[in-house]
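Observations on the three-dimensional arrangement
So you can see what is in the structure, the chains are spelled out below.
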Amino acid sequence: MAEEKKKKRRKVSLGKLRGMKRRGEPITWLTCYDFPMAQIMDAAGIDMMLVGDSGAMTVLGHPTTLPQSLDAQLMLTKAVLRGTQYAFVVGDMPYMTYEMSHEKAIENAGEFMRIGCDAIKLEGGARVADTIEAMVKAGLPVMGHIGLTPQSAPALGGYRVQGKSADAAKKLVEDAIALQEAGVWGMLVEAVPPETMEFIYDAVDVICMSLGAGPTADGQLVIVHDMIGYFAAFRPKFVRQYCDLTEILDKAFKQYIEDVKSKDFPQPEHCYEMSKEELDKLGIDVGD
Ligand code: KIV
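Let me sum up the structure you'll find in this document. (Residues numbered from 1 in each chain as written. Predicted model: local features only at pLDDT ≥ 70, side-chain atom pairs only at ≥ 80, totals over all residues. Heavy atoms only, no water.)

**Digging into the side chain of Thr97**
Among the secondary structure elements, Thr97 is positioned in the loop between β3 (88-92) and α5 (102-114). Apart from residues no more than four positions distant in its own chain, Thr97 is found in contact with Leu70, Lys104, Ala105 and Asn108. (Helix = DSSP H or I, 4+ residues; strand = E, 2+ residues; numbered from the N terminus. Contact = heavy atoms within 4.5 Å.)

Right under this line is the structure:
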């Protein structure tokens, strides 16, 4: 009987991502913030994971990403790395960890690489190009992030769609080119109209990922909590929800409460056993 040939799964590398771009094979990317989720996502076959500083909101309950510290971000990232065998893991540099000086940016980015990340991402266009250039010269695999950049939300006037005017679209193209010239291997474009994304995509050669920027991209990113229905504060227009974890968990928690209150739980199958011999020593008669 002929053995079915199984394709051996390998860790996703930058080379593999570039190959996918060349072949036009969409790259799948999700955010991830903890060990069990990383294990499930990795086993499902996701290509990339982003341990986003959005974890400040989705996991830690802050109203924005700004309070996220480097230590908190590294803690989430280590948990995800422990649960990941194959996916390409991108560490996300939190607010004010790369703005102070090139040296500080390199040192902080190095922390993510030291714990095992495959690359790091930071927000901003032309404004951070010289920082990125210094980081790339130091040997760091840097990914850019333009469009809606949540760390600048206060300066952008909130979480708003970007690149809606011709001028704004042109400015984003300039940002994308500045990032490419600074040496990024890829960039994420967030919350812009598809036409603006097409304009950006055509202007650069590096891997271009979309988060709410339409289909013209080398792949798609979504915040995992949005697509599984596990974040109540808001759900962006560009998210397709695949399950409602809030509803599933609500049902489970209510059932547990009911079972304990009604003494339906625990049952004998949930209890440990003691031998008859030991029970005899305690004078407990369990019969024959
Ligand atoms: O922190 C994050 O998850 C991000 C996304 C918003 C892209 O940077």
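**What about the nonpolar core?**
Ranked by internal contacts, the top residues of the largest apolar core, which has 54 residues, are Met135 and Met187. If you tally residues by element for this core, the top one is helix α8 (residues 166-182), at six residues. If we ignore the near neighbours within four places in the chain, the residues touching Met187 are Met143, Gly144, Ile146, Ala176, Leu179, Gln180, Val204, Val206, Ile207, Cys208 and Met209. Counting 18 residues, the second-largest nonpolar core is a separate cluster that includes Val90, Trp185, Ile207 and Leu211. (Core = buried A, V, L, I, M, F, W, Y, C linked by side-chain atoms within 4.5 Å. Buried < 20%, exposed > 50% of the residue type's maximum accessible area, 1.4 Å probe, protein only.)

**Quick look at the packing of α8 against helix α9 (residues 194-203)**
Two numbers describe how α8 lies on α9: the axes approach to 9 Å, and their chain directions differ by 30°. Put simply, α8 runs roughly parallel to α9. As for how α8 packs across α9, the hand of that crossing is right-handed. Listed contacts from α9 to Ala169, Lys170, Leu172, Val173, Ala176, Ile177 and Gln180 of α8 are Thr196, Phe199, Ile200 and Ala203. (Axes fitted to C-alpha atoms, helices over the stretch in contact; angles between N-to-C directions. Parallel < 35°, antiparallel > 145°, perpendicular 65-115°, else oblique. Left-handed = near helix turned anticlockwise from the far one by under 90°.)

**Let's talk about a nonpolar patch on the surface**
A contiguous nonpolar surface patch, about 370 Å² in accessible area, is contributed by Tyr256, Ile257, Val260 and Phe265. Within the element layout of this structure, Ile257 appears in helix α11 (residues 245-261). Owing to a relative accessible area of 48%, Ile257 belongs among the partly exposed residues under this scheme. (Patch = residues over 30% accessible without salt bridge, like charges linked within 9 Å, V, L, I, M, F, W, Y side chains within 5 Å. Areas by Shrake-Rupley, 256 points an atom, 1.4 Å probe, with all protein chains shown as cover. Salt bridge = Lys/Arg side-chain N within 4 Å of Asp/Glu carboxyl O.)

**Regarding the site of the ligand**
Neighbouring residues of the ligand: 13 residues in total, closest Asp53, Ser54, Asp92, Lys121 and Leu188. Contact distances for the ligand include 2.7 Å between an oxygen atom and a side-chain N or O atom of Asp53. One of the side-chain nitrogen or oxygen atoms of Lys121 is found 2.9 Å away from an oxygen atom of the ligand. In isolation the ligand offers 260 Å² of accessible surface; the protein chains occlude 97% of this area. Among the cavities detected, the one that contains the ligand is the largest pocket. Taken together, the residues of the shell around the ligand break down into five nonpolar, four polar and four charged. (Near = heavy atom within 4 Å. Polar contact = N/O pair within 3.5 Å; in protein donor to acceptor, adjacent residues only side chain to side chain. 1 Å grid on protein atoms, 1.4 Å probe; cavity = no way out; pocket = protein on both sides within 12 Å on 5 of 7 lines; lining within 4 Å. Sits in = over half its atoms within 2 Å of the grid points. Nonpolar A, V, L, I, M, F, W, Y, C, P; charged D, E, K, R; others polar.)

**With respect to the packing of aromatic side chains**
Taken as a whole and judged by the stated rule, the model has two aromatic pairs. Geometrically, the ring pair formed by Phe88 and Trp185 is edge-to-face, given 5.5 Å between the ring centres and 75° between the ring planes. With Phe88 in strand β3 and Trp185 in the loop between α8 and β6 (186-190), this pair connects stretches of sequence that are 97 residues apart. By relative accessible area, which is 4% here, Trp185 ends up buried. (Phe/Tyr/Trp six-rings, centres within 6.5 Å; stacked < 30°, edge-to-face > 60°.)

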